[in-house]
Amino acid sequence: MAGNRTFTMIKPDAVENGYIGPILEKITSAGFKIVAMKYTQLSKRDAGEFYAIHKERPFFNELVTFMTRGPIVSAILEKENAVEDFRALIGATNPQEAAEGTIRKLYAKDIGENAVHGSDSDENAAIEGAFHFSGREIY
Ligand code: IDP
Ligand code: MG
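Computed from a predicted model, the values in this text were never measured in an experiment.

Rules and cut-offs
Residues numbered from 1 in each chain as written. Chains lettered and ligands numbered in written order. Predicted model: local features only at pLDDT ≥ 70, side-chain atom pairs only at ≥ 80, totals over all residues. Heavy atoms only, no water. Core = buried A, V, L, I, M, F, W, Y, C linked by side-chain atoms within 4.5 Å. Buried < 20%, exposed > 50% of the residue type's maximum accessible area, 1.4 Å probe, protein only. Helix = DSSP H or I, 4+ residues; strand = E, 2+ residues; numbered from the N terminus. Pairing = 2+ DSSP bridges. Axes fitted to C-alpha atoms, helices over the stretch in contact; angles between N-to-C directions. Contact = heavy atoms within 4.5 Å. Phe/Tyr/Trp six-rings, centres within 6.5 Å; stacked < 30°, edge-to-face > 60°. Lys NZ or Arg CZ within 6 Å of the ring centre and 35° of its normal.

**Examining the nonpolar core**
The biggest cluster of nonpolar side chains holds 19 residues, and the ones touching the most others in it are Ile10, Ile23, Ile27, Phe32, Phe86 and Ile103. Counting only elements with at least two residues in this core, the list comes to helix H1 (12-16), helix H2 (20-29), strand S3 (72-78), helix H5 (82-90) and helix H6 (103-107). Looking at which element gives the most residues to this core, the answer is H5, with four residues. Among the nonpolar cores identified, the runner-up in size contains 16 residues, and Val35, Phe60, Val64 and Ile72 belong to it.

Written out as structure tokens, the structure reads:
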């Protein structure tokens, strides 16, 4: 059975462009409940660890530089079928290929600076949520 939580980040490009409000509006309008949320900035070490699966990819350094250049919003979201539904809401990794009305289509520039993160599995949603939230928060 599909889980009911996913993890997201509003990435530095979207924060810089003033899109925190519009993106949160899209998320809550789509029926996601915000279970935990914070405004923070990743260190290079944190970003490298978070994206460790992409360590061997040619864009890894660019990705770490991008994800650490300014503040982000990280959040745990709740909804039935959360992971799959949230991936549909954000759209394809490359905004040029993202469906009309998706968050990346509306607010992202390119495949690197693509406005939002969304977990790709229930397992990764749990790992990523735990990475960003200590467990001392109530959620
Ligand atoms: P996803 O975020 O849609 O799951 P992944 O393939 O897991 O996409 O890639 C993680 C992140 O790495 C992307 O969201 C994007 O910020 C960055 N990225 C992916 N592919 C490229 C690329 O070809 N060039 C630059 N950055 C990329
Ligand atoms: Mg991914």
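**Concerning unusual backbone geometry**
The backbone of Asn81 sits at a positive phi, close to 60 degrees, despite the residue not being glycine. Tracing the backbone through its elements, the reader meets Asn81 in the loop between S3 and H5. Among the residues examined, Asn81 registers a relative accessible area of 24% and is labelled partly exposed. The phi torsion at Ala115 lies on the positive side, around 70 degrees, for a residue other than glycine.

**Describing the sheet that holds strand S2 (residues 33-40)**
Here four strands make up an open sheet; going across it, the order is S2-S3-S1-S4 and the pairing antiparallel. Since the sheet does not close on itself, it has two edges, and those belong to S2 and strand S4 (116-118), each with one partner. Adjacent strand axes in the sheet meet at a mean angle of 15 degrees when their direction is disregarded. Sheet topology places strand S1 (residues 5-10) next to S3; six bridges connect them, and they run antiparallel. The residue of S3 that forms the bridge with Phe7 is Ile76. Sheet contacts for H2: S1, S2, S3 and S4; angle to S2, the most-contacted strand, approximately 165 degrees. Against the sheet, helix H7 (residues 122-132) engages S1, S2, S3 and S4, with an angle of about 55 degrees to S1.

**With respect to the side chain of Ser74**
Tracing the backbone through its elements, the reader meets Ser74 in strand S3. When its relative accessible area of 0% is taken as the criterion, Ser74 is described as buried. Among residues more than four places away in sequence, those in contact with Ser74 are Phe7, Thr8, Met9, Ala36, Met37, Lys38, Thr40, His132 and Phe133.

**Points about helix H4 (residues 60-68)**
All of the buried residues along H4 are Phe60, Leu63, Val64, Phe66, Met67 and Thr68. Against S1, H1, helix H3 (44-50) and S3 lie the buried residues of H4.

**Points about the packing of aromatic side chains**
Inspection of the entire model under this criterion finds five aromatic pairs. Consider the rings of Tyr19 and Tyr107, whose centres lie 4.8 Å apart with planes at 45 degrees: the pair is tilted. You can see Tyr19 sitting in the loop between H1 and H2 and its partner Tyr107 sitting in helix H6, a full 88 residues away along the chain. Judged by relative accessible area, which is 19%, Tyr107 ranks as buried. Taken together, the aromatic side chains of Phe7, Phe50, Tyr51 and Phe131 make up a single cluster linked through ring pairs. A cation over a ring is seen here: Lys38 above Phe133, with NZ or CZ 4.9 Å from the ring centre. Here the basic side chain of Lys79 rests over the ring of Phe32, its NZ or CZ set 5.6 Å away from the ring centre.

In short, the description is geometric, and any link to function would need to be established separately.
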